[in-house]
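The chain contents come next:
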Amino acid sequence: MERHLTLAALERALSNGEPLIHHSDQGVQYACHDYTHRLLEVGAQISMADAGAAWQNGYAERLVRTIKEEVKWTCPAMQTRSRRGRRSATLSKRSTSASESTRR
């Protein structure tokens, strides 16, 4: 992955707020000087999985999922968005089932 793409994604994420902790694997795009320097500029604590220990990422991803779920159920705006998403998924399943039954 090219460094400028990762830096562009980081800048886009930073436009939504500054993280307290940034976790990643040890990919060169995340360990490069420009990327880590930018994180340090905004005061983020950098967290990287140990070399050869990809399973550590699972712990960090599970923590982020738990935080997102907590926010979703405590923030009224997120609850509305979540309900809309479930309704859309239900409608998609219904329309797919209907089109499959007409093909038979």
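What counts as what
For every chain, the first residue of its written sequence is number 1, and the numbers climb from 1 along that sequence. In keeping with the model being predicted, local features are shown solely for residues with a pLDDT of at least 70 and side-chain atom pairs are shown and tallied solely at 80 or more, while totals for entire chains, interfaces and linings include all residues. As a rule here, side-chain values cover all heavy atoms of the structure and leave hydrogens and water aside. Strands are runs of DSSP state E lasting at least two residues, helices are runs of H or I lasting at least four, and both sets are numbered from the N terminus onward. The buried label goes to any residue with under 20% of its type's maximum accessible area, the exposed label to any with over 50%, and the partly exposed label to all in between, with areas taken from a 1.4 Å probe on protein chains only. Note on contacts: a residue pair qualifies if any of its non-hydrogen atoms lie within 4.5 Å across the two residues. Per-residue and other accessible areas follow the Shrake-Rupley method at a 1.4 Å probe size, with only the shown protein chains counted as cover for residues. To estimate the expected span of a helix, subtract one from its residue number and multiply by 1.5 Å. Among the buried residues, those of types Ala, Val, Leu, Ile, Met, Phe, Trp, Tyr and Cys that are joined through side-chain atoms within 4.5 Å form a nonpolar core. Should a side-chain nitrogen of Lys or Arg be within 4 Å of a carboxyl oxygen of Asp or Glu, the pair is scored as a salt bridge. Side-chain rings of Phe, Tyr and Trp (the six-membered ring for Trp) are treated as a pair once their centres are within 6.5 Å; stacked means planes under 30 degrees apart, edge-to-face means over 60, and tilted covers the remaining angles. You can read pLDDT as the predictor saying how much it trusts each residue, on a scale of 0 to 100.

Attention now moves to the overall build of the protein chain. A tally of helices and strands in the protein chain yields five helices and two strands. Start at the N end of the protein chain and walk to the C end: the helices and strands fall as α-β-α-α-β-α-α. In the protein chain, which comprises 104 residues, the share counted as buried stands at 19%. A separation of at least 24 residues holds for 55% of the contacts in the protein chain among residues at least 6 apart in sequence. Accessible surface computed for the protein chain: about 8200 Å², of which carbon and sulfur atoms make up 55%.

The end-to-end C-alpha separation of helix H1 (residues 3-14) is 16 Å, in line with the 16 Å expected for 12 residues at 1.5 Å each. Buried residues along H1 sit in contact with helix H2 (28-31) and helix H3 (33-41).

Another aspect to go through is the nonpolar core. Counting eight residues, the largest nonpolar core is built from Leu7, Leu10, Leu14, Cys32, Tyr35, Leu39, Val42 and Ala44. Among residues more than four places away in sequence, those in contact with Leu14 are Pro19, Arg38 and Val42.

Here we come to the pattern of salt bridges. For the structure on display, the rule yields three salt bridges. One salt bridge in this structure joins Arg38 and Glu11, with 2.6 Å as the shortest N-O distance. Of this pair, Arg38 sits in helix H3 while Glu11 sits in helix H1, and the two are 27 residues apart along the sequence. A salt bridge links Arg38 to Glu41; its shortest N-O distance comes to 3.2 Å. Of this pair, Arg38 and Glu41 are both found in helix H3, three residues apart, which corresponds to roughly one turn of the helix. Linked through salt bridges whose partners overlap, the residues forming this network are Glu11, Arg38 and Glu41.

So, about the packing of aromatic side chains. All chains considered together, the criterion is met by one aromatic pair. Each ring, one from Tyr30 and one from Tyr35, has its centre 5.5 Å from the other, and the planes form 70 degrees; the classification is edge-to-face. The class of Tyr35 is buried, set by a relative accessible area of 4%.

When pLDDT is averaged along the protein chain, the result is 74; 72% of the residues meet or exceed 70. Mean pLDDT per element in the protein chain: helix H5 (residues 76-103) is the minimum at 49, and H3 is the maximum at 93. Throughout residues 84-104 the model reports pLDDT below 50, and contacts reaching past four residues in sequence, or to other chains, amount to one contact.

With respect to the helices and strands, the residue Ser24 is situated in strand S1 (residues 21-24). Not counting chain neighbours up to four residues away, the residues in contact with Ser24 comprise Tyr30, Ser47, Met48, Ala49 and Asn57.

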